[in-house]
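Now for the letters of each chain:
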Amino acid sequence: LLVFPRMVRDLADRLGKQVQLKIEGSERLVDRDVLMKLESPLTHLVRNAIDHGIESPAERRAAGKPETATLSIRIEPWQGMLQIEVSDDGRGVD
């Protein structure tokens with residue numbers, strides 16, 4: 001999860017978007033091998049959210065939203081597994 005703050009910042013800068021990343025549950029101990037296997041699909045979800053789901057600051061302003069979007073990653077144990085939720089406050093993806 002340590003790679004995501006920098007990745008979000010760099011991608012948002014490159015696309016001219018303002019994105020705040022919130023990570024919840026990162027203090028939980030998770031096996032490193034599990035995290036390594038999840039890194040690629042999580043990266044894909046985060047990139048798609050920023051690239052396709054989150055609007056530009058001007059579009060957000062026109063829609064009555066704050067210019068800075070919020071992208072959240074939440075991790076919690078659930079029935080002996082990990083539940084990971086990636087969400088944003090953008091327009092969404094068709």
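What counts, and at which threshold
Residues numbered from 1 in each chain as written. Predicted model: local features only at pLDDT ≥ 70, side-chain atom pairs only at ≥ 80, totals over all residues. Heavy atoms only, no water. Helix = DSSP H or I, 4+ residues; strand = E, 2+ residues; numbered from the N terminus. Buried < 20%, exposed > 50% of the residue type's maximum accessible area, 1.4 Å probe, protein only. Contact = heavy atoms within 4.5 Å. Areas by Shrake-Rupley, 256 points an atom, 1.4 Å probe, with all protein chains shown as cover. Pairing = 2+ DSSP bridges. Axes fitted to C-alpha atoms, helices over the stretch in contact; angles between N-to-C directions. Salt bridge = Lys/Arg side-chain N within 4 Å of Asp/Glu carboxyl O. Expected span 1.5 Å × (residues − 1). Bend = angle between axes of the 7 residues up to and from the residue.

K.L.:
Sorry, what's going on with the overall build of the chain here?
P.N.:
A count of helices and strands for the chain gives three helices and three strands. Along the chain, helices and strands appear, N-terminal first, in the series α-β-α-α-β-β. Within the chain, the fraction of its 94 residues that count as buried is 27%. Taking the intrachain contacts of the chain between residues at least 6 apart in sequence as the baseline, contacts between residues at least 24 apart amount to 69%. Carbon together with sulfur atoms contributes 51% to the accessible area of the chain, which is approximately 6,300 Å² in total.

K.L.:
Looking at this model, I keep getting lost on the sheet that holds strand β1 (residues 18-24). Mind explaining?
P.N.:
The strands making up a sheet are joined through hydrogen bonds of the backbone, oriented either antiparallel or parallel. Judged by pairing direction, the sheet is mixed, and its three strands sit side by side in the order β1-β2-β3 without closing on themselves. Two strands in the sheet have a free side with no partner beyond their single neighbour: β1 and β3 (81-88). If you compare each strand with its neighbour and ignore which way they point, the axes differ by 15 degrees on average. Running at roughly 15 degrees to β3, helix α2 (residues 32-53) makes contact with β1, β2 (68-78) and β3 of the sheet.

K.L.:
Whenever I open this one, the pattern of salt bridges confuses me. Can you help?
P.N.:
Where charged atoms of side chains with opposite charge meet at close range, the side chains can pair. Taken as a whole and judged by the stated rule, the model has eight salt bridges. Of the charged contacts, one joins Asp 10 and Arg 6 as a salt bridge, the two residues approaching to 3.5 Å between their closest N and O atoms. A residue pair is termed a helical-turn pair when its members lie 3 or 4 positions apart in one helix, as Asp 10 and Arg 6 do in helix α1 (residues 3-15) at four residues. With relative accessibility at 56%, the residue Arg 6 sits in the exposed group. A salt bridge links Glu 76 to Arg 74; the nearest nitrogen and oxygen atoms lie 2.4 Å apart.

K.L.:
Looking at this structure, how should I read the side chain of Arg 60?
P.N.:
Of note, Arg 60 is situated in helix α3 (residues 57-62). Those residues in contact with Arg 60 that lie beyond four places of it in its chain are Glu 55, Lys 65, Pro 66, Glu 67, Thr 68, Ala 69, Asp 89 and Gly 90.

K.L.:
What is the right way to look at α2 in this model?
P.N.:
Within an α-helix, residues lying three or four positions from one another point in the same direction, as the helix has 3.6 residues per turn. Taking 1.5 Å of rise per residue, 22 residues should cover 32 Å, and α2 covers 29 Å from first to last C-alpha, within 8% of that figure. When the local axis directions of α2 are compared, the greatest deviation, roughly 40 degrees, occurs at Glu 39, which is followed within four positions by the proline Pro 41. Buried within α2 are the following residues: Leu 42, Thr 43, Val 46, Ala 49, Ile 50 and Gly 53. Along its buried surface, α2 packs onto α1, β1, β2 and β3.

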